[in-house]
Amino acid sequence: MPGLPTGVQATIRRGADHDVLILLNHTEDTHEVTLPADRRDLLDGQRPHVRHVALEPRGVAVLGSVLTSTPSPRRAL
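Residues numbered from 1 in each chain as written. Predicted model: local features only at pLDDT ≥ 70, side-chain atom pairs only at ≥ 80, totals over all residues. Heavy atoms only, no water.

## Focus: the pairing of strand β1 (residues 8-14)
Reasoning step 1: Bridging between β1 and strand β2 (residues 18-25) involves seven bridges; their strand directions are antiparallel. Within β2, the residue paired with Ala10 across the bridge is Leu23. (Pairing = 2+ DSSP bridges. Helix = DSSP H or I, 4+ residues; strand = E, 2+ residues; numbered from the N terminus.)

## Structural notes on the side chain of Asp41
Reasoning step 1: With respect to the element layout, Asp41 can be found in strand β3 (residues 31-41).
Reasoning step 2: Looking at Asp41, its side chain comes within polar contact range of the main-chain nitrogen of Leu43, at 2.9 Å.
Reasoning step 3: Side-chain polar atoms of Asp41 contact the backbone nitrogen of Asp44, separated by 3.1 Å.
Reasoning step 4: Residue contacts for Asp41: discarding those within four places in its chain leaves Arg47, Pro48, Val50, Val62 and Leu63. (Polar contact = N/O pair within 3.5 Å; in protein donor to acceptor, adjacent residues only side chain to side chain. Contact = heavy atoms within 4.5 Å.)

## Description of the side chain of Asn25
Reasoning step 1: Mapped onto the fold, Asn25 is located in strand β2.
Reasoning step 2: At 2.7 Å, the side chain of Asn25 forms a polar contact with the side chain of Thr27.
Reasoning step 3: The residues contacting Asn25, other than those within four sequence positions of it, are Gly7, Val8, Thr30, His31, Leu55, Glu56, Pro57, Arg58 and Gly59.

## A few points about the environment of Leu35
Reasoning step 1: Here Leu35 lies in strand β3.
Reasoning step 2: Along the sequence, Leu35 and His52 sit 17 residues apart, while their C-alpha atoms lie 6.1 Å from each other.
Reasoning step 3: Beyond its immediate stretch of four places on either side in the chain, Leu35 contacts Met1, Leu21, Leu23, Val50, Arg51, Val53 and Leu63.

## Here's the deal with the nonpolar core
Reasoning step 1: Among the nonpolar cores identified, the biggest contains 13 residues, and Leu21, Leu23, Val33, Leu35, Val53, Leu55 and Leu63 are the most heavily contacted of them.
Reasoning step 2: Secondary structure elements with two or more residues in this core: β1, β2, β3, β4 (50-55) and β5 (60-66).
Reasoning step 3: Residues within four places of Val33 in sequence aside, it is in contact with Met1, Leu4, Pro5, Val8, Leu23, Arg51, His52, Val53 and Leu55. (Core = buried A, V, L, I, M, F, W, Y, C linked by side-chain atoms within 4.5 Å. Buried < 20%, exposed > 50% of the residue type's maximum accessible area, 1.4 Å probe, protein only.)

## Re the pattern of salt bridges
Reasoning step 1: Tallied over the entire structure, the rule returns four salt bridges.
Reasoning step 2: Between Arg14 and Asp19 there is a salt bridge; the shortest N-O distance is 3.3 Å.
Reasoning step 3: Judged by its relative accessible area of 3%, Asp19 is buried.
Reasoning step 4: Several salt bridges converge on common partners, so that one network encompasses Arg14, Asp19 and Arg39. (Salt bridge = Lys/Arg side-chain N within 4 Å of Asp/Glu carboxyl O.)

## A closer look at the environment of Arg39
Reasoning step 1: Its place among the elements puts Arg39 in strand β3.
Reasoning step 2: When its relative accessible area of 13% is taken as the criterion, Arg39 is described as buried.
Reasoning step 3: Each C-alpha atom of the pair Arg39 and Val50 lies 5.4 Å from the other, and the pair is eleven residues apart in sequence.
Reasoning step 4: Contact partners of Arg39, with chain neighbours within four places excluded, come to Asp19, Leu21, Pro48, His49, Val50, Leu63, Gly64 and Ser65.

Nothing here speaks to function; it is all geometry.
Written out as structure tokens, the structure is:
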């Protein structure tokens, strides 16, 4: 994912009909991450669709999405 703050890691895990984006903040600072598309916050049922994520120091976000087409081959984020 382009534009991630220094110290924030993004990983995507793909399934047959969905994917999960995991964001990890390895720093002691809070970071705001803007996503390229809405995603489902899988850790907070009160926020079903998010476009912006505030990662607390050492925080994590787990965000799901339903794929609408065949997944593309793996590529670097």
